[in-house]
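# Examination of the molecular architecture
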Amino acid sequence: MNNNKALFYQASMQEWVKAAQKSAPQGNMDALQWQTPDGFALKALYTAEDTKNLPYTHTLPGFEPFLRGPQATMYAVRPWTIRQYAGFSTAEESNAFYRKALAAGGQGVSVAFDLATHRGYDSDHPRVTGDVGKAGVAIDSVEDMKILFNQISLDKVSVSMTMNGAVLPVLAGYVVAAEEQGVSQELLSGTIQNDILKEFMVRNTYIYPPEPSMRIVGDIIEYTAQNMPKFNSISISGYHMQEAGANQSLELAFTLADGKEYVKTAMAKGLNVDDFAPRLSFFWAVGMNFYLEIAKMRAARLLWCRIMKDVGAQNPKSLILRTHSQTSGWSLTEQDPYNNVVRTTIEAMAAVFGGTQSLHTNSFDEAIALPTEFSSRIARNTQLIIQEETHITNVIDPWAGSYMMEKITQEMADAAWTIIKEVEAMGGMTKAVDSGWAKLKIEAAAAQKQARIDSGKDVIVGVNKYKLNTEDAVDILQIDNVKVRDGQIERLKIIKSQRDTAAVTKALEAITQAAQNNSGNLLDLSIKAMRLRATVGEVSDALEKVYGRHRADTQKVTGVYASAYDSADGWDQLKKEIAQFATDQGRRPRVMISKLGQDGHDRGAKVVATAFADLGFDVDMGPLFQTPEECARQAIENDVHAVGVSTLAAGHKTLVPAIIEELKKQGAKDIIVFVGGVIPKQDYEFLYEAGVKGIYGPGTPIPASAKDVLENIKKALA
């Protein structure tokens, strides 16, 4: 700026500082800054000084480095795709929902599978008794897939499938179902998630160890590049990282580092980067940190362009980061749940301002149970209202040139790039994941965030501030797990009785042989097996014979919750009571935190374990995917006072009574059982009658639940 402008600016700033000091608490200007949990200091005022040295403030959308958007005209010509991620127990019910959603303005199908399918088990497997049809649709074979997409034209409707562990048989089943609908592979459009690295960090719906899992990723990228030119072979997902506790810079860095690892894997198979990179896509969580979420998505495009140029991409389409987004499920509250409609709207607007290509909006009741048709309609209409009524779509990247947004976009990019370089120094994301380092970074962030909420530093309206005196009941969707499982088992029996068993066996042996010899393409072989009516479980087992099943480390972070909680009221007193218990009993109260069934979402379990340990409990972590029998055995062997079951996938009515019965059966009825997670209030009485001593839904402060568990242990010992 010239001298006159500079003098005017300096004088104006001096006047502003004086005015701000008068209104700031105790005249403290630092009080006007906000320190985000991941270390960003957001100022109260941004000026031209903040952006004068930034390199990308004068770029345009659709041009390198794509900071302002992947397409030149963005929503001014074509709004984002409205997706509705859903799966309702059976293929029939899910199909009916998809068709209604498409008729009501939905523009693509996003399939949620049940946990048995995710983990590569058929519905008749004994380990999935409580999981079939819960948290998604049960798919065992091509016949289920054909029902799922009945009367949905797969040459016209794009299909997104969130599948990673059993990605081979599920994608193969979709391809075969389309063929039998008369749609060839080259016409199929959509996305398969196929992002296994993040599963080892957060979501845990893996099957095989990291190294063979990466071979599967590479084979899918290779096959789709050659045969399915309109289909996205991978959706590199940060969503589940943020849901597990990662802040925005961690989510951004780890997701892009995962993407780079997948690109290197495909190139190692001899593929030219420009032959497959244009079909890569990404998937972000969008939470309540409004400004940082917009900055994250702008920074993501900037950094991905840099990464792809570094690996030698030449095609401009290879440099573009395209993304799907989903509003946060974790930000939804059980308490005063209609507030969630507002939260989802704010998050949806952040995704749109960030430049997403498609969007799913969560339903307000998902902190309580699976969404109902009523709540799903509100979620879908949220997007329609933004598209049709607000005129937001008429302006391309309206935040461009904002002093604040441009500055924090660059700060976000710089913070993420520092983490990416740290990952590279470790040898890449596969090694960072295999070592457990990445997972612990996310778990530490999760524990810190929970402590800030429990201590009241971070306000959640209706949970730790402005709470209702009484909560009205909300209608919920109930799934009859036994009925769904029985129906799936019957269909499996029919399929197996009508197929050519010898041909199926031969096709499955070919998959095992290819895994053993590192030959062939596993997706190609899986398609051949599924055409013959092999099942999801059988294809998964054919690979498991060679690769085995991965078992996760159960290490936990320590000290993080306590330091962030900062000795709020009652914390020190509770620690004294636990210490007194140890003096009176000769040992500390001992609890085992467990995950039963195939639910791998362990954020809650890990945070509770960390906080309980910081309070002075002895804490054992059960391995993921335990049966009630295995959990009871470990609890008895470890001589615990209590078992805490963390549940997020609606299996509590089957699995929790089963663990209580197992403890009695194995002679340990004195071990108490408590439950935490997504549990509808309507189910509390059922669980209490089954013998549960404490139920702690979303929003329960951990110190309050710890105090209650301690009192119940004392009663059991009295």
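Residues numbered from 1 in each chain as written. Predicted model: local features only at pLDDT ≥ 70, side-chain atom pairs only at ≥ 80, totals over all residues. Heavy atoms only, no water.

### A word on the overall build of the chain
Rule in force here: Only DSSP runs of H or I covering at least 4 residues are called helices, and only runs of E covering at least 2 are called strands; the numbering of each starts at the N terminus. Radius of gyration: over C-alpha atoms. The globule rule applied is 2.2 Å multiplied by the number of residues raised to the 0.38 power. Here the term buried applies to any residue with accessible area under 20% of the maximum for its type, exposed to any over 50%, and partly exposed to those in between, with areas from a 1.4 Å probe on protein chains only. The contact definition used throughout considers only heavy atoms, calling two residues in contact when any of these lie within 4.5 Å. Throughout, the Shrake-Rupley method with a 1.4 Å probe supplies accessible areas, and for residues the shown protein chains are the sole cover considered.
The helix and strand inventory of the chain stands at 27 helices and 16 strands. For 718 residues, the compact-globule formula gives about 27 Å, and the C-alpha radius of gyration of the chain, at 26 Å, lands near that figure. Viewed in the frame of its principal axes, the chain has a C-alpha envelope of about 90 × 70 × 50 Å. Buried positions account for 60% of the 718 residues belonging to the chain. Within the chain, residue pairs in contact and separated by at least 24 positions form 79% of the contacts whose partners lie at least 6 positions apart. For the chain, the exposed area adds up to about 28200 Å²; of that, 50% sits on carbon and sulfur atoms.

### A short note on the packing of helix α18 (residues 501–517) against helix α20 (residues 536–547)
Inclusion rule: Only the stretch in contact is used when fitting a helix axis, every axis being a line fitted to C-alpha atoms; angles between N-to-C directions are given from 0 to 180 degrees. With the far helix as reference, a near helix turned anticlockwise by less than a right angle produces a left-handed crossing, and one turned clockwise produces a right-handed crossing. For this classification, the nonpolar set comprises Ala, Val, Leu, Ile, Met, Phe, Trp, Tyr, Cys and Pro, the charged set comprises Asp, Glu, Lys and Arg, and every other residue, Gly included, is treated as polar.
α20 packs onto α18 with a crossing angle of 35° between their chain directions and a minimal axis gap of 8 Å. Between α18 and α20 the crossing geometry is right-handed. Contacts from V504, L508, I511, T512, A515 and Q516 in α18 reach E538, V539, A542, L543, K545, V546 and Y547 in α20. Among the residues making up the contact of α18 with α20, the classes are represented as nine nonpolar, two polar and two charged.

### Things to note about the environment of G27
Mapped onto the elements, G27 comes out in the loop between α1 (3–23) and β1 (34–35). On the basis of relative accessible area, G27 is assigned to the partly exposed category, the value being 31%. Spatially, the C-alpha atoms of G27 and A542 are 69 Å apart, while their sequence positions differ by 515 residues.

### With respect to the nonpolar core
For the record, the criterion: Buried Ala, Val, Leu, Ile, Met, Phe, Trp, Tyr and Cys residues form a nonpolar core when they are joined through side-chain atoms within 4.5 Å.
M201, L252, F254, L256, W304, M308 and M429 are the most contacted members of the largest nonpolar core, which has 85 residues in total. No other element matches helix α11 (residues 290–310), which puts twelve residues into this core. With residues near it in sequence (within four places) discarded, F254 still touches M201, M241, I419, V423, M429, W437, A438, K441 and I442. The next biggest cluster of nonpolar side chains, apart from the first, holds 58 residues, and it includes V142, I152, I220 and L543.

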